[in-house]
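Overview (structure and organization)
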Amino acid sequence: MEVYCTRPRCPRPKNYFTDLDDNITLKTIQQKYCTTCGMPLLLDGRYVPLKLLGRGGFGAAFLARDRRIPGMRQCVVKQFQPAGNLTSIQLQLAQQLFEREADVLAQIGNQNEQIPDLFAYFEITVKSWQSEQPEQFFYLVQEFIDGQNLEEELAPRGTFTEEEALEVLREILKVLKFVHNQGIIHRDIKPSNIMRDRLGKLYLLDFGAVKQVTNAPTGFGGSSTGIYSMGFAPPEQMSGGQVYPSTDLYALAVTILTLLTKKEAIQLFDGYSNQWQWRMHVSINSGLADILDRMLLPAANQRFQSAQEVISALDSLSIPPTQLHPHKASVAKLSSQTQPPQAPIVPPPAKPAFSTIELLGGAAFSGFEGALIAIALLSLLKSPIITLTVSAVILGMLIFAQTRRWIEKLDLLIIAVITFALIYFVPFLHAFISSGQVIILSVAAGLIAIAVTAIFRLIYKLLSLIF
Ligand SMILES: Nc1ncnc2c1ncn2[C@@H]1O[C@H](COP(=O)(O)OP(=O)(O)OP(=O)(O)O)[C@@H](O)[C@H]1O
């Protein structure tokens, strides 16, 4: 099983432990340590990081499994890892923001099905890798949303249709209504913070920048601390002033325009007239366009004052509410990568997936080895049919051993070198061809196997993109 080291600068974070392929060992073993930097890998004794999902402003996010939950539930482990050289005050503020995400998720995550649940928040202190100094790491574990964020969804495709954008608008307004009613302003609404799972359900993520203002459900505001995403933040947030529910509504409108036009916010805003000039880029229902424009007004008090006001305005347009639907391309891509959340959660795959390099290396080995085996067998048995059958069986066993990772990397090289040396230097093992031809045939077979595998891989990728 491959386990990912979460130490920020570990040069070789991928660890492979064959004993963890055994479910009983995986569940009972006390701890595992990174073979490169010594970092404990089983976080809080239970979370097994599998791969890096991405790095954000305050940390890295890892896909992990919880070995203490039957079926090894998937989860996201976020690690506090601020980028750049921060002063101790900035570092403290960044850490507060990370803890704030944990606080907010603990408060509201379990109450709203479109906000990830919080599973755990903990810190660990470990010996530094290159010095004797102890190092402290903070982790937050939350529900894994099996899907793509809207930025990832938008990148490979064209613009969202009006119907699709309206669905995002209505769904996120529902979540914002709930969030604002808890006295919380998100302050960082943007496509990358909205995720769609493979069944089409939309989620609002990343509560690291929220402002917890007051418990009053309406008419509240709180001062901004300068955390925002350029282009999505309204003037009051950019100037570090008070933020309001309408601050989030403004960012949501910019998000919708981004989806409708696939253009950067800056391309839709005319700095000279200080106005949004987006209508020339997309044509939509005029009532909906007016609602978006009102959400985008520069003065916070001229915009809609609550998510509910926008929902009512949308309802009065009599555009039929859309059915939640997963986007075709993204679902096809996901279905090739992940398992449905509803399905019984299965233990992690016994073996990790193969990278393209590993796949092509394996193909080269199989082709090379196949040719050598065939040359030797034909020289010994003199029967093409028996040679073909026995070679196919041996080759099949070698390929199976590779898929199970019983042989990999250096093993392949060693086996290839030994077989080649045997057949090249023992004349009766290449009785019908010269030594030079052994080289040509085996290398050619290796290259052909690489080419064929690459073509199949390409076709598979193209098909999964299309469907
Ligand atoms: N609960 C989750 N389920 C699935 N994927 C997630 C979850 N939370 C975050 N991710 C994914 O992990 C990656 C990193 O997320 P993270 O929140 O750390 O940073 P970000 O949102 O990309 O950046 P920033 O924090 O600067 O806005 C992103 O691709 C995000 O979509």
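Residues numbered from 1 in each chain as written. Predicted model: local features only at pLDDT ≥ 70, side-chain atom pairs only at ≥ 80, totals over all residues. Heavy atoms only, no water.

**Here we look at the sheet that holds strand β5 (residues 74-80)**
Taking strand neighbours across the sheet as the criterion, the five strands line up as β3-β4-β5-β7-β6 in an open arrangement whose pairing is antiparallel. Edge positions in the sheet fall to β3 (47-55) and β6 (118-127), since each of these pairs with one other strand and no more. When the angles between neighbouring strand axes are averaged without regard to direction, this sheet yields 30°. Most of the contacts of helix α2 (residues 88-108) go to strand β7 (residues 134-143), to which it runs at about 30°, and overall it touches β5, β6 and β7. (Pairing = 2+ DSSP bridges. Helix = DSSP H or I, 4+ residues; strand = E, 2+ residues; numbered from the N terminus. Axes fitted to C-alpha atoms, helices over the stretch in contact; angles between N-to-C directions. Contact = heavy atoms within 4.5 Å.)

**Some words on the packing of helix α8 (residues 286-295) against helix α9 (residues 307-315)**
At their nearest, the axes of α8 and α9 sit 10 Å apart, and the two run at 165° to each other. With respect to α9, the axis of α8 lies roughly antiparallel. As α8 runs across α9, the sense of the crossing is right-handed. When α8 is examined against α9, the residues L288, I291, R294 and M295 are found in contact with a partner set consisting of E309, V310, A313 and L314. Its residues assigned to classes, the contact of α8 with α9 comprises six nonpolar, no polar and two charged. (Parallel < 35°, antiparallel > 145°, perpendicular 65-115°, else oblique. Left-handed = near helix turned anticlockwise from the far one by under 90°. Nonpolar A, V, L, I, M, F, W, Y, C, P; charged D, E, K, R; others polar.)

**Looking at the packing of helix α4 (residues 162-181) against helix α6 (residues 245-261)**
Between α4 and α6, the shortest axis-to-axis distance is 10 Å and the interhelical angle comes to 160°. Classified by the angle between their axes, α4 and α6 sit roughly antiparallel to one another. Of the two possible hands of crossing, α4 and α6 adopt the one that is right-handed. Here E162, A165, V168, L169, I172, L173, L176 and H180 of α4 come into contact with α6, specifically with P245, D248, L249, L252, I256, L259 and L260. Looking at side-chain class alone, the contact of α4 with α6 contains twelve nonpolar, one polar and two charged residues.

**Describing the UniProt feature "binding site: ATP" (unreviewed entry) in the protein**
UniProt marks K78 with the feature "binding site: ATP" (unreviewed entry), using the numbering shown here. The residue K78 is located in strand β5 in this model. The exposure class assigned to K78 is buried, which follows from its relative accessible area of 17%. Discounting residues that sit within four places of it in the chain, K78 has contacts with A60, A61, F98, E101, F138, Y139, L140, Q142 and D206. (UniProt positions renumbered as here; feature names shortened; annotations may be inferred. Buried < 20%, exposed > 50% of the residue type's maximum accessible area, 1.4 Å probe, protein only.)

**A short note on the side chain of E153**
Secondary-structure assignment places E153 in helix α3 (residues 150-154). Within the structure, E153 has its side chain in polar contact with the side chain of R196 (distance 2.9 Å). (Polar contact = N/O pair within 3.5 Å; in protein donor to acceptor, adjacent residues only side chain to side chain.)

**Points about unusual backbone geometry**
One non-glycine residue, D44, lies in the positive phi region at around 55°. Relative accessible area serves as the criterion here: at 42%, D44 is assigned to the partly exposed category. Phi is positive for M72, which is not a glycine, with a value near 50°. With respect to the element layout, M72 can be found in the loop between β4 (59-66) and β5.

**What to know about a nonpolar patch on the surface**
Nonpolar side chains collect at one region of the surface, where L410, L413, I414, V417, I418 and L422 lie side by side and expose about 580 Å² of accessible area between them. For L413, the location among the structural elements is in helix α13 (residues 410-425). (Patch = residues over 30% accessible without salt bridge, like charges linked within 9 Å, V, L, I, M, F, W, Y side chains within 5 Å. Areas by Shrake-Rupley, 256 points an atom, 1.4 Å probe, with all protein chains shown as cover. Salt bridge = Lys/Arg side-chain N within 4 Å of Asp/Glu carboxyl O.)

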